[in-house]
Amino acid sequence: MSAAGVIETLKQAAASAGGFVELRYHAKTSRGVVVEKGKVESSSSRSVAGLGVRVLENGAWGFASTGSSEPADVKRAIESARAAASSGASLRSEAVADLPEVKLATGDFSQPGVDEIEQRSLEEKVGMARKLEETVRGSSSSVSSATCGYSEIFEEKAIVTTDGAAASFRLVRPELRLQAVAERNGEMSTGFEAIGTTGGWECLFRHGDGEYFAGKAARTAVDLLSAGHPQGGRASVILAPSIVGLLLHEAIGHTVEADFVQAGSVAAGKLGQRVASDLVTLCDSGASELEDGAGGTIPVDDEGVLAGRTVIIRDGILESYLHNRESAARYGVAPTGNARAWEYADEPLIRMRNTYLEPGQTSLEEMIASTRHGYLLDGPRNGQADATGEFMFGVQEAREIKDGKLGALVKGVTVTGIAFDVLSTVDSVSDSFRWDLGSGYCGKGQPAKVDAGGPYIRCKALLGGEQ
């Protein structure tokens, strides 16, 4: 059954439920194919659909789920959630406050691209993956192996609450991953490219076609074979949108999620304080701001709140945390539309959506030309950050800058720092913008599709490298 078809059933169930009830129908289909060494190594398809129910009663939440949207099963799920709320009320140290009033979503908010991706055949998608894997493998005699993975997630949702939400939407998120492994004289290196979007293939390939990314993965792997190592220590660095996005998501975004704030993250108690350079305005949005196709796009969150734009840091001043309805009530602010659940049987948590830095007024060329010595860093390899905002990220491509000119590629680079300290050193922000983590998944008890990006920024950070 479609989300649009089930919404009337949910409205009728909510109307007769009594008290506060939140009903969320969620159908998800995930498909993927991986090609390696000219062969299809794996091909998968998985579909789940059902209803998540939350009841707020006596100051406590109760949750239940069912794989059916039949009226009798919906009614039983509401009763189960109500029973869970009643039994949990006496165990809570603090009752959930009355939910704040907010303009709730009504209507259909379906996103573009769903029909287009559905109409493309499985053979076309497998054929693309085969062709791109072959392109990577054939790009250089130094490339010893290649992998290409294509995946797509279709989602349909309907959210109804007893206080007025009645919204539905469909969306699709296609992703492409390419990896090249190069070898020479016992040395080995890898090049990796990944893109993801919310939308159709036109959006997925808006920065270049598959052949472009295949060639880039192979070229990076080969070039890294002969790359040197950087000078370690504190350095001027120009971070590309991919590294900016990773920094914002991992080292800032999680620390401003209200449940993490309540647990004592570094952002606790800092509202209204300067935490970054006045060139920094940092936002999180359910919409794809500034450029189409951001991978974490949601029109409505899983509490039925419109997923609009939230300014977290404005001109360097911490302005807002990210909230669901419960945390918004606790802090006396409006919900920000950040409640998200991975599947129907999961309870909504406070999660980021599309997190980004607003662009500035300087071109990348001007930033490089005005840098006496530093590094241009692009392409995250891995990374970690904690609730203090301390981070360490591996970097795929790093180029030295000397006297305003871009120099040689170096490898084995890591960038380290305390996020708020690093953002306080930002002295230049480019006028360009790009979403660049659309293939990313966030883990916080449940996965979540997110995106992040921004302009190029110049700042100070600790640079390390492998010797």
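One structure accompanies this document, and this report is about it. Since we're looking at a predicted model, the values are computed, not measured.

Let us now look at the pattern of salt bridges. Applying the stated criterion across every chain yields a total of 29 salt bridges. When the shortest N-O distance is used, the salt bridge between D115 and R170 registers 3.5 Å. A residue pair is termed long-range when its members are at least 10 positions apart, and D115 in helix α3 (residues 114-119) and R170 in strand β6 (residues 166-184) qualify at 55 residues. Its relative accessible area of 41% is what places D115 among the partly exposed residues. Through salt bridges that share partners, E22, R54 and E303 make up one connected network.

Counted according to the given criterion, the structure contains 10 aromatic pairs. Centre to centre, the rings of W201 and F205 are 6.0 Å apart; their planes meet at 90 degrees, and the pair counts as edge-to-face. Residue W201 is classed as buried on the basis of its relative accessible area, which comes to 9%. On the basis of relative accessible area, F205 is assigned to the buried category, the value being 18%.

Moving on, we come to the side chain of D451. Position of D451 among the secondary structure elements: in strand β23 (residues 451-454). The side chain of D451 is buried and forms no salt bridge, while R206, the nearest opposite charge, is found at 5.1 Å. In terms of polar contacts, D451 uses its side chain to reach the backbone amide nitrogen of G295, at 2.7 Å. For D451, the side chain forms a polar contact with the main-chain nitrogen of L437, separated by 2.9 Å. Ignoring anything within four residues of it in the chain, the contact list for D451 reads G196, G293, A294, G295, G296, R353, N354, T355, W435, D436, L437 and G438.

The subject of this paragraph is the sheet that holds β23. Read from one edge to the other, the open sheet built from 6 strands follows the order β11-β10-β9-β14-β23-β20, with strand pairing classed as mixed. Strands at the two margins of the open sheet, each flanked by one partner only, are β11 (317-318) and β20 (434-435). Judged from the 2 bridges that link them, strand β10 (residues 309-314) and β11 form a sheet pairing that is antiparallel. The residue bridging I313 from the neighbouring strand is L318, located in β11.

What follows deals with the side chain of T220. Counting through the fold element by element, T220 comes out in helix α6 (residues 210-225). Apart from residues no more than four positions distant in its own chain, T220 is found in contact with G191, Q396 and E397.

Another point: the nonpolar core. With 47 residues, the main nonpolar core has L239, I313, L377, L423 and I457 as its most contacted residues. Top element by residues in this core is helix α7 (residues 241-253). It accounts for 7 residues. Discounting residues that sit within four places of it in the chain, L377 has contacts with V237, I238, L239, A240, I243, V395, E397, A398, V413, V415 and L463. M128, C148, F154 and I195 belong to the second-largest nonpolar core, a separate cluster that totals 30 residues.

Attention now goes to unusual backbone geometry. Its identity is not glycine, yet D315 carries a phi of approximately 50 degrees, on the positive side. Within the fold, D315 resides in the loop between β10 and β11. The phi dihedral of D403 falls on the positive side, at around 50 degrees, and the residue is not glycine. Along the polypeptide, D403 turns up in the loop between β16 (390-402) and β17 (405-410).

Among the secondary structure elements, E400 is positioned in strand β16. Classification of E400 by relative accessible area gives buried; the value is 16%. C-alpha of E400 to C-alpha of L377: the two residues are 23 residues apart in sequence and 8.9 Å apart in space. Among all residues touching E400, those that are not within four sequence positions of it are H373, G374, Y375, K405, L406, G407 and A408. A polar contact of 2.7 Å, which involves the side chain of E400, links it to the side chain of H373.

Here the focus is α6. Since the α-helix turns once every 3.6 residues, residues separated by three or four places project in the same direction. Across its 16 residues, α6 extends 24 Å between first and last C-alpha, which sits within 8% of the 22 Å expected from 1.5 Å per residue. Buried residues dominate α6, accounting for 12 of its 16 residues. Within α6, the full set of buried residues consists of G210, F213, A214, G215, K216, A217, A218, T220, A221, V222, L224 and L225.

Cut-offs used in this document
Residues numbered from 1 in each chain as written. Predicted model: local features only at pLDDT ≥ 70, side-chain atom pairs only at ≥ 80, totals over all residues. Heavy atoms only, no water. Salt bridge = Lys/Arg side-chain N within 4 Å of Asp/Glu carboxyl O. Helix = DSSP H or I, 4+ residues; strand = E, 2+ residues; numbered from the N terminus. Buried < 20%, exposed > 50% of the residue type's maximum accessible area, 1.4 Å probe, protein only. Phe/Tyr/Trp six-rings, centres within 6.5 Å; stacked < 30°, edge-to-face > 60°. Lys, Arg positive; Asp, Glu negative; His and termini not counted. Polar contact = N/O pair within 3.5 Å; in protein donor to acceptor, adjacent residues only side chain to side chain. Contact = heavy atoms within 4.5 Å. Pairing = 2+ DSSP bridges. Core = buried A, V, L, I, M, F, W, Y, C linked by side-chain atoms within 4.5 Å. Expected span 1.5 Å × (residues − 1).

So far we have only geometry, and geometry alone does not tell us how the molecule works.
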